[in-house]
Amino acid sequence: SKVQHLALERCFSLTSEAIISVLESLKTNLWTLKLSRLPTVVTDQVIDKIGTCCTELRTLHLGRCIAFGEDSLSALFRRCTSLTDINLFGCTSLSDVSFSEIASCASLSILNLTRCNRVTDKAMTAIFKNCTQLKVPLYPTTPLTHDGSP
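This structure is a prediction, so every number in the text was calculated from the model and none was measured.

**Comments concerning the packing of aromatic side chains**
Alright, step 1. In this structure the tally under the stated criterion is zero aromatic pairs.
Alright, step 2. Across from the ring centre of Trp-31, 4.6 Å away, lies the NZ or CZ of Arg-58, which sits over that ring.

Shown next as structure tokens:
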């Protein structure tokens, strides 16, 4: 397949199974994947499939997706280390478990963590230390604390 960019944001009739099927057919050719605003469709299974099928991803947008957990997202960041643009806007259930793994993406230049209120200064320090290309960081809307509480 020659598809390199796929934007499925707000495609509310999509199912997790349909996304997984598309990802399996595209395999490693995909560079951009935008799945924002699919709050219940982007599950752990979808995140796992992204991590195994799309290891060359550069852009990943998961804004306002809340149906996946820390472990699957952490594994994705460890596998997809070529990411340069990550959007996790409003992924309110995530904490330092997954945020710290973002530091695996050394080429990261754009990071949106707006409304990710459980990120701490410890995770941000790790990200800034390892992601030296970071040009556009967007922070949580509440002040950072040592323990992730607003």
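The rest of the description comes next.
**Describing the state of the cysteines**
Alright, step 1. Overall, the coordinates contain zero disulfides when judged by the stated rule.
Alright, step 2. The thiol of Cys-105 is not disulfide-bonded; the next cysteine sulfur, from Cys-131, is found 6.5 Å away.

**Things to note about helix α1 (residues 16-26)**
Alright, step 1. For α1, the set of buried residues is Ser-16, Ile-19, Ile-20, Leu-23 and Leu-26. The arc that holds every buried residue of α1, seen down its axis, measures 130°, which confines them to one face.
Alright, step 2. Contacts from the buried residues of α1 go to β1 (5-7), β2 (32-34) and α2 (44-53).

**Notes on the packing of α2 against helix α3 (residues 70-79)**
Alright, step 1. Running from N to C, α2 and α3 cross one another at 10°; their axes reach a closest spacing of 8 Å. Judged by the inter-axis angle, α2 sits roughly parallel to α3. When α2 is examined against α3, the residues Asp-44, Ile-47, Asp-48, Ile-50, Gly-51 and Thr-52 are found in contact with a partner set consisting of Ser-72, Leu-73, Leu-76 and Arg-79.
Alright, step 2. Taken together, the residues of the contact of α2 with α3 break down into four nonpolar, three polar and three charged.

**Quick word on the pattern of salt bridges**
Alright, step 1. Here the structure, examined in full by the defined rule, presents three salt bridges.
Alright, step 2. Ionic pairing is found between Lys-49 and Glu-24, a salt bridge with its closest N-O pair at 3.0 Å. Note that Lys-49 is positioned in helix α2 and Glu-24 in helix α1, a separation of 25 residues in sequence.
Alright, step 3. On the basis of relative accessible area, Glu-24 is assigned to the partly exposed category, the value being 34%.
Alright, step 4. Among the salt bridges present, the one from Glu-101 reaches Arg-78, with a minimum N-O distance of 3.3 Å. Here Glu-101 is found in the loop between α4 (96-99) and β5 (110-112), whereas its partner Arg-78 is found in helix α3, with 23 residues between them in sequence.

**Here's the deal with the nonpolar core**
Alright, step 1. If you look at the biggest cluster of nonpolar residues, it comprises 44 residues, and the most contacted ones within it are Leu-35, Ile-50, Leu-62, Leu-88 and Ile-102.
Alright, step 2. Elements with a contribution of two residues or more to this core: α1, α2, α3 and α5 (121-130).
Alright, step 3. Other than its neighbours up to four places away in sequence, Leu-88 contacts Leu-62, Gly-63, Leu-73, Phe-77, Leu-94, Phe-99, Ile-102, Asn-112, Leu-113, Thr-114 and Cys-116.

Definitions and cut-offs
- Residues numbered from 1 in each chain as written.
- Predicted model: local features only at pLDDT ≥ 70, side-chain atom pairs only at ≥ 80, totals over all residues.
- Heavy atoms only, no water.
- Phe/Tyr/Trp six-rings, centres within 6.5 Å; stacked < 30°, edge-to-face > 60°.
- Lys NZ or Arg CZ within 6 Å of the ring centre and 35° of its normal.
- Disulfide = S-S within 2.5 Å.
- Buried < 20%, exposed > 50% of the residue type's maximum accessible area, 1.4 Å probe, protein only.
- Helix = DSSP H or I, 4+ residues; strand = E, 2+ residues; numbered from the N terminus.
- Arc of directions from axis to C-beta.
- Contact = heavy atoms within 4.5 Å.
- Axes fitted to C-alpha atoms, helices over the stretch in contact; angles between N-to-C directions.
- Parallel < 35°, antiparallel > 145°, perpendicular 65-115°, else oblique.
- Nonpolar A, V, L, I, M, F, W, Y, C, P; charged D, E, K, R; others polar.
- Salt bridge = Lys/Arg side-chain N within 4 Å of Asp/Glu carboxyl O.
- Core = buried A, V, L, I, M, F, W, Y, C linked by side-chain atoms within 4.5 Å.

Keep in mind these numbers describe shape, not what the thing actually does.
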